[in-house]
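Topology and contacts: notes
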Amino acid sequence: MRRHSPLLPWLLVLPTAMGVALFTLYPMIATAYRSLFKQNQAVRIPRFVGLDNYANLAGDDVFREVLKNTAVFVAFTVPFSVILALLFAIFLNRKLRGIGIYRSAFFYPTVLPMVSAAAIWLFLYTPNFGLVNDATSALGLGRPNWLGTPNLVLPALIVMAIWKQTGYFMLFYLAGLQNLPTEVFEAAALDGASWWVQLRSITVPLLSGTTLFVTTIAAVNSIQMVDQIYVMTQGGPSNASNLLLYHIYETAFRFRNLGEANAATVILVLFLLVFTVTNFVVSDRRAQYSA
Amino acid sequence: MTDTNPTLSKGLSRRHFLAGSAGAAAAALLAACGGSEIATTVATVVPTTVTGAATQAAPTVAAAVATVSSAATSAAPSVNAAVTTVSGAATTAAPTVAAAATTLTGAATVAAPTVNAAASTVSSAATRVGGATIELSFFYPTAASGPIVPIINGYVDDFNKKNTGIKVTPTYAGGYTDVYTKVQTTIDGGGTPPDTAVLLSTDLYALKDADYIVPFDEYLKDPAFIGDFYDAFMLNSKDSGKVYGIPFQRSTPVLYYNKDMFKEAGLNPDQPPKTWAEMVDMSKKLTKPDGSRWGVEIPSDGFPYWVFQGMAIGNGKNYVDDTGTKLFLNDPAVVQALQSWVDIGQKDKVGPNSIVIWATTPPDFTGGKTAMAWHTTGSLSNILQTAKFNVGVGFLPGLKQNGAPTGGGNFYLFKKTPKEKQAAAFEFIKYMSSPETQARWTVDSGYVAARKSAWDQTALKDYTAKNPQALVARDQLQFAQREFSTHSGPQVQKVFGDELQAALTLKKTPQQAMDDAQKNADNILKQFR
């Protein structure tokens, strides 16, 4: 058998490596580099300022509020949508008449473009006319202005985000459930294990591989959600619904403060990196993968 | 090799899974970095001036977005792609949102103007390129309720039918911010901007600081032309003695009131409140205790810095100077005006105590959810058509005096547009701001005809005889002052608007909010002093 040139493996990965270098590594390094320069509407030619942009961000009340909002948004959106997705999947993983209809009903929000979904929810949340207000007032809870009250706006957006992405995660769990070995459940049932015990001791542990994947995607997803803020609140009232990616967008494209936008982007990338790596390291020890 | 070893198979699939998830995470990361990539590539492209793109060949709008210089080839596509996603989202959203709030007929249809290819008359100013029709692209926003898009496209059609050798392709490009962002990203990305666009009159400093625009002065040979525009509208259209904006879609906020409700509450339907105190008193009589009807709604999302200016000027203090570098946000008169606004919802309880949405204020008013509303005069025609009751319009009631800002959009010329196209664009702008078109514009939309002679046009005279409400905004111009316009405008507007909302939702006291606003705005503006 003829020996291949030692260069061949390198040549084979070259196209991918180039793609990664060009579209992932270069932008990341360039962003980090440019975050050391001041460039805004007053300073049009970039000027080196060291870590000034980061110092400005550290002292910026708005940026701190944005970080806090993002943390709250992720902390509520991810667990709720993942748990709901698992429950929906278990509920829909059985032989029912018209199961396809139920499954598509739960999956439907995922198919909608975010902007359309946001427009629909904007209308649902509208004070005076909105459906949500009609419901709350029928229940005697008054007619709160969901998007116009600082304490209500983030919860309102979180509910919408959960609605939007749960169906997507449910799909992964459904696939995972259908790959589970049935004999384990049969054995457990013979031993008299209740539904709850089976769920806790068999289903959830066996699905931990899926859960690892889903939580990672869910976290990244929820940090990337920006369209609905653009459509529904523009970060208001008074930054109560301003999230990191939207803030970066505004800083870069509306305020033309490119230096600070780059610095904020570096922080976002680091945040995602730390989250993803931690999630893998922590979960990998326990995760089960079905063959 | 057939793999029968279960351990190996497990290991393999496990590795695959990890690789797959890592790949997905990397892809997600890359997508998340989209923002960074945009920011960085834009930075790369900024210094690149493109001359190749600005050739004589008339590019269409689509081409304008796609055209990139060779120097910027690697960077620009990603910029364009990314921007299309963001702003595309906005454009799709705008009609849907508006449709949710009001009825928007055919807003999405951009009528392709037909043009006579064998145009015979050649306008003197607009010389043809190689005997062919000069094609111009024109971007415009909407910010008022009602079918503004078909109205503007109709005017453009009429201009194209005049056979001046110029063919204008109008593009409805979203809200004011969307149009601004599109122009900005196109220019910074090395593309060709539209040949003319309507942007906020207050964007002047931002556009000038970025070196995007040129003054109109070389085309303004006739002093009577500019002299015919209302002075109030020219305040924000000039800088250092040069004219940078031609008023088109100009407005001022006014007070709308429901005459039938006034009658029902025992108030004189021909007497709108003249002062703030009167407005509050009347509102108390008009508010229904069960929460089904407010006395007055004053919008506070979107651009609260604009609406609030009417209150501050009405209390004797305009908070912007005429260099765009100094603000007086924590002046006692301004703080007092803000306190009065907060009180509407919190103390007097005659309006909502949360943020009032700009876009739903007209439907709230026409749907009888509020007896009075502050809104732009640009919504007048739509309100008159939609309301099933008698609509009254009054000056903004002031705390001490009458006062209002002006608002709305001007035509701008871009530096990157070649000279002969600039001249052609000016012909189009002249048509759009002519007394005839401006008179039609007031009738169709409610925006204030920006030229004095427009009000002598028969069409407008007949209309105001029937709808005297349309005269209120024009007459209010005598009390109008310079609109809030500064360097780094969008950012200053945002820090100020944030603090106004913080006070309105009781996160801060008016004094504290305005102190913070002044501090934050000074931090930005000191760079320009």
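None of these values were measured; they are calculated from a predicted model. (Residues numbered from 1 in each chain as written. Chains lettered and ligands numbered in written order. Predicted model: local features only at pLDDT ≥ 70, side-chain atom pairs only at ≥ 80, totals over all residues.)

Regarding the overall build of chain B
In terms of helices and strands, chain B carries 21 helices and 14 strands. Looking at chain B residue by residue over its 529 residues, the buried ones come to 56%. Within chain B, contacts between residues separated by at least 24 positions form 77% of all contacts whose residues are at least 6 apart in sequence. (Helix = DSSP H or I, 4+ residues; strand = E, 2+ residues; numbered from the N terminus. Buried ≥ 20, exposed ≤ 12 C-beta atoms within 10 Å, placed from the backbone. Contact = placed C-beta atoms within 7 Å.)

Details of the environment of Ile 166 of chain B
All names here are of chain B. One can find Ile 166 in strand E2 (residues 166-172). The class of Ile 166 is buried, set by 27 C-beta atoms lying within 10 Å. Sequence-wise, Ile 166 and Ala 425 are 259 residues apart; in three dimensions their C-alpha atoms are separated by 8.6 Å.

Some remarks on the sheet that holds strand E10 (residues 370-376) of chain B
Residues and elements named next belong to chain B. Across the sheet, four strands lie side by side as E9-E10-E8-E11; this open sheet has mixed pairing. The sheet is open, and its two edges are formed by strand E9 (294-297) and strand E11 (391-394), each paired on a single side. Strand-to-strand, the axes of this sheet are offset by a mean angle of 20 degrees, without reference to chain direction. In the packing of helix H19 (residues 469-476) onto the sheet, the strands contacted are strand E8 (253-258) and E11, and the crossing angle to E11 comes to about 10 degrees. (Pairing = 2+ DSSP bridges. Axes fitted to C-alpha atoms, helices over the stretch in contact; angles between N-to-C directions.)

Here's the deal with unusual backbone geometry
Its identity is not glycine, yet Ser 238 of chain A carries a phi of approximately 55 degrees, on the positive side. Relative to the helices and strands, Ser 238 of chain A resides in the loop between helix H11 (227-232) and helix H12 (244-254). In this structure, Lys 349 of chain B is a non-glycine residue whose phi angle is positive, near 55 degrees. For Lys 349 of chain B, the location among the structural elements is in the loop between helix H13 (332-346) and helix H14 (361-366). Using a count of 17 C-beta atoms within 10 Å as the deciding quantity, one classes Lys 349 of chain B as partly exposed.

What to know about the confidence of the model for chain B
All names here are of chain B. Across chain B, pLDDT averages 78, with 75% of residues at or above 70. Averaged over each element, pLDDT in chain B is lowest for helix H3 (residues 61-66) (31) and highest for E8 (96). Low pLDDT, under 50, characterises residues 1-129; the stretch is placed with 217 contacts to residues that sit more than four places away or in other chains. (pLDDT = per-residue confidence, 0-100.)

Some points on H19 of chain B
Counted residue by residue, H19 of chain B has six buried out of eight residues, so it is predominantly covered. Of the residues making up H19 of chain B, those classed as buried are Gln 469, Ala 470, Val 472, Ala 473, Arg 474 and Gln 476 of chain B.

Overview of helix H10 (residues 208-224) of chain A
With 17 residues, H10 of chain A ought to run about 24 Å at 1.5 Å a step, and its terminal C-alpha atoms sit 24 Å apart, in line with that. Within H10 of chain A, 15 of the 17 residues are buried, which leaves the element mostly enclosed by the surrounding structure. (Expected span 1.5 Å × (residues − 1).)

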